[in-house]
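Residue-level listing of the chains:
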Number of protein chains: 2
Amino acid sequence: MHSYETDGSAIYARSFSIIRAEADLARFDAEEEPVVVRMIHALGMVGLEAHVRFSAGMVPAARTALQAGAPILCDARMVSEGITRGRLPAANPVICTLQAPEVAELARSLGTTRSAAAVELWRPHLDGALVAIGNAPTALFQLLNLLQDPAVPRPAAIVGCPVGFVGAAESKAALLANPPAPALAVEGRLGGSAVTVAAVNALASRSER
Amino acid sequence: MHSYETDGSAIYARSFSIIRAEADLARFDAEEEPVVVRMIHALGMVGLEAHVRFSAGMVPAARTALQAGAPILCDARMVSEGITRGRLPAANPVICTLQAPEVAELARSLGTTRSAAAVELWRPHLDGALVAIGNAPTALFQLLNLLQDPAVPRPAAIVGCPVGFVGAAESKAALLANPPAPALAVEGRLGGSAVTVAAVNALASRSER
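Scoring rules and cut-offs
Residues numbered from 1 in each chain as written. Chains lettered and ligands numbered in written order. Predicted model: local features only at pLDDT ≥ 70, side-chain atom pairs only at ≥ 80, totals over all residues. Heavy atoms only, no water. Contact = heavy atoms within 4.5 Å. Buried area = accessible area lost by both parts, 1.4 Å probe. Salt bridge = Lys/Arg side-chain N within 4 Å of Asp/Glu carboxyl O. Polar contact = N/O pair within 3.5 Å; in protein donor to acceptor, adjacent residues only side chain to side chain. Helix = DSSP H or I, 4+ residues; strand = E, 2+ residues; numbered from the N terminus. Least-squares fit on C-alpha atoms with pLDDT ≥ 70 in both. Buried < 20%, exposed > 50% of the residue type's maximum accessible area, 1.4 Å probe, protein only. Pairing = 2+ DSSP bridges. Axes fitted to C-alpha atoms, helices over the stretch in contact; angles between N-to-C directions. Core = buried A, V, L, I, M, F, W, Y, C linked by side-chain atoms within 4.5 Å. Right-handed = clockwise from strand over helix to strand, strands pointing away.

> Which parts of the structure should I look at to understand the interface of chain A and chain B?
The figure often quoted for interface size is the accessible area lost as the parts come together. Taken together, the contact pairs 43 residues of chain A with 43 residues of chain B. Between chain A and chain B the total buried area reaches about 3,700 Å² when both faces are included, carbon and sulfur atoms providing 64% of it. In this structure, Glu22(B) and Arg189(A) form a salt bridge, with 2.9 Å as the shortest nitrogen-oxygen distance. Linking chain A with chain B are 14 residue pairs in polar contact (both at pLDDT 80 or more). Those elements that place two or more of their residues in the side of chain A that touches chain B are α1 (8-22), α2 (33-43), α4 (77-82), α7 (137-146) and α9 (193-204) of chain A. Broken down by element, the residue count for the side of chain A that touches chain B peaks at seven residues, all from α1(A).

Okay, here's the thing in structure tokens:
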């Protein structure tokens with residue numbers, strides 16, 4: 001039989017301790033540091049921190065919004081399903097519109113991807129929301145275009161971590177160059193649902209387990 | 001307005017082309033190569049391939065099982081939710097027992113994590129199944145211990161890609177050292193739900209989109 005550590009709290013504590021010993025976290029402030037640590041944990045990758053960028057005030061903006069009951073708008077089910085409901089401070093609604101029945105037709109009529117079309121269905125929920133994009137660069141581009149209309153309500157903060165080889169780096173560079181709300185992003189190709197979920201879970205609660 | 005590639009098929013094609021140009025895929029056979037490409041795609045990380053290991057015959061074993069209707073046993077909702085149902089060849093059941101009501105009590109009585117306890121509930125489904133572990137090292141250790149009992153039915157194949165800093169590398173080394181069924185793993189700390197889902201989606205269908 002393989003013997004292994006069976007205490008979940010001990011596993012978390014040792015993992016976070018290894019990350020803090022190995023990662024270069026000096027440029028993050030005390031609010032940002034635990035968010036980055038949890039993102040490194042989710043990806044199993046010390047070194048990720050070199051690619052993480054926050055715009056000013058992102059962490060307090062996201063925490064305040066979540067405490068006030070803000071909804072969390074997710075681009076993919078792997079993001080919405082990964083968010084730990086017990087960490088949310090106000091039983092916040094977690095919304096993913098990608099599977100809505102009108103998305104396929106909307107994507108055709110807009111001439112874009114289903115992920116981008118699903119962002120159009122965020123409009124009634126955007127005001128003061130936390131946005132969590134962890135999969136599709138096209139969703140982040142669509143959000144940035146939507147928010148160029150000053151009549152569209154602003155989210156409170158944006159976690160923008162789409163992943164991949166086409167559009168991911170470009171969409172995150174566009175977000176960071178001119179953030180329409182306080183933003184967190186992983187520059188370049190890296191990102192994904194796991195780091196996005198980790199960031200949201202860290203913003204939702206300071207508990208490190 | 002930001003202009004961006006809005007054709008999902010074109011995005012996939014260009015992404016896979018970039019991966020094949022940049023990654024070192026020479027040591028994988030023709031069955032394994034598309035699985036590794038999709039895993040790199042999910043993580044946005046050329047270089048992942050250096051850590052990917054297949055035991056002999058893993059890909060054919062998994063494909064044959066899925067075509068015969070094998071269930072897919074997942075350790076986390078981010079894995080079960082990420083598997084693209086339209087790619088499954090036989091409307092295969094996708095099972096995640098982590099949220100079963102008896103898991104908390106079972107974890108207490110076994111003195112282990114909820115993720116490991118949930119694996120005990122796989123017993124009635126294990127025979128000929130595809131196992132997909134993308135989160136918890138304790139789930140993989142528990143499965144390896146369970147399969148030391150020769151009376152327990154064998155899965156057809158195992159995707160073993162738990163992630164992290166405590167137990168992940170060790171559990172995957174144990175899997176690869178003595179695989180109880182044909183296995184695929186990412187050695188070391190890297191892994192996670194995204195690469196696990198990508199592997200299952202590639203095993204389920206040869207379609208590259």
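> Could you clarify how one ought to interpret the side chain of Asn145(B) in this entry?
Within the fold, Asn145(B) resides in helix α7 (residues 137-146). Look past the residues within four positions of Asn145(B) in its chain and what remains in contact with it is Met1(A), His2(A) and Tyr4(A).

> Would you mind showing me how to read the relation of the copies chain A and chain B here?
Each of the two chain copies can be brought onto the other by rotation about an axis and movement along it. For these two chains of identical sequence, chain A goes onto chain B by a turn of 180° and a shift of 0.0 Å along the axis, with RMSD 0.0 Å. Taken together, the rotation angle and the small translation identify this as a two-fold axis. Within chain A, the C-alpha atom positioned nearest to the axis of rotation is that of Met78(A), 2.5 Å from it.

> Mind showing me how you'd approach the side chain of Ser15(A) here?
Residue position: Ser15(A) is located in helix α1. The class for Ser15(A) is buried, based on a relative accessible area of 1%.

> Looking at this model, I keep getting lost on the sheet that holds strand β1 (residues 52-54) of chain A. Mind explaining?
Sheet strands pair by backbone hydrogen bonding; their relative direction is either parallel or antiparallel. Residue and element names in this part refer to chain A. Read across the sheet, six strands follow the order β1-β6-β5-β4-β2-β3 without closing on themselves; strand pairing throughout is mixed. If you trace the sheet from one side to the other, it starts and ends with β1 and β3 (94-96), each paired once. Pairwise comparison of adjacent strand axes, ignoring direction, gives a mean angle of 15° for this sheet. Bridge count between strand β2 (residues 72-74) and β3: three bridges; the pairing is parallel. By the bridge assignment for β3, Ile72 is matched with Val94. Packed on one face of the sheet, helix α3 (residues 58-67) meets β1, β2, β4 (130-133), β5 (157-160) and β6 (183-186) and runs near 115° to β5. Packing against the sheet, α9 makes contact with β2, β4, β5 and β6, and its axis sits at approximately 155° to β4.

> Could you clarify how one ought to interpret the pattern of salt bridges in this entry?
Oppositely charged side chains can pair when the atoms bearing their charge come close. Under the counting rule described, the total for this entry stands at 22 salt bridges over all chains. As a salt-bridge pair, Arg123(A) and Glu120(A) come within 3.0 Å of each other at their nearest N and O atoms. For Arg123(A), a relative accessible area of 40% translates into the label partly exposed. In this structure, Glu5(B) engages Arg14(B) in a salt bridge whose closest nitrogen and oxygen atoms are separated by 3.3 Å. What you see here is one network of salt bridges that share partners, running through Arg77(A), Glu81(A), Arg77(B) and Glu81(B).

> Can you help me understand the nonpolar core in this one?
One recurring pattern in soluble globular proteins is that nonpolar side chains are buried together. Among the nonpolar cores identified, the biggest contains 90 residues, and Met39(A) and Met39(B) are the most heavily contacted of them. In this structure, Met39(A) is in contact with Leu48(A), Val52(A), Cys161(A), Leu184(A), Val186(A), Val195(A), Ala198(A) and Ala199(A), ignoring residues within four places of it in sequence. Membership of the second largest hydrophobic core comes to 25 residues, among which are Ile95(B), Ala129(B), Leu144(B) and Ile158(B).

> Hey, could you run me through the pairing of strand β5 (residues 157-160) of chain B in this one?
The two faces of a sheet get side chains in turn, since along a regular strand they alternate between them. All names here are of chain B. Across the two faces of β5 the burial is the same, with Ala157 and Val159 and Ile158 and Gly160 all buried. Across four bridges, strand β4 (residues 130-133) lies against β5 in parallel orientation. Paired with Val131 across the two strands is Ile158, which belongs to β5. For the crossover that starts at β4, traverses α7 and ends in the parallel β5, the hand is right-handed.

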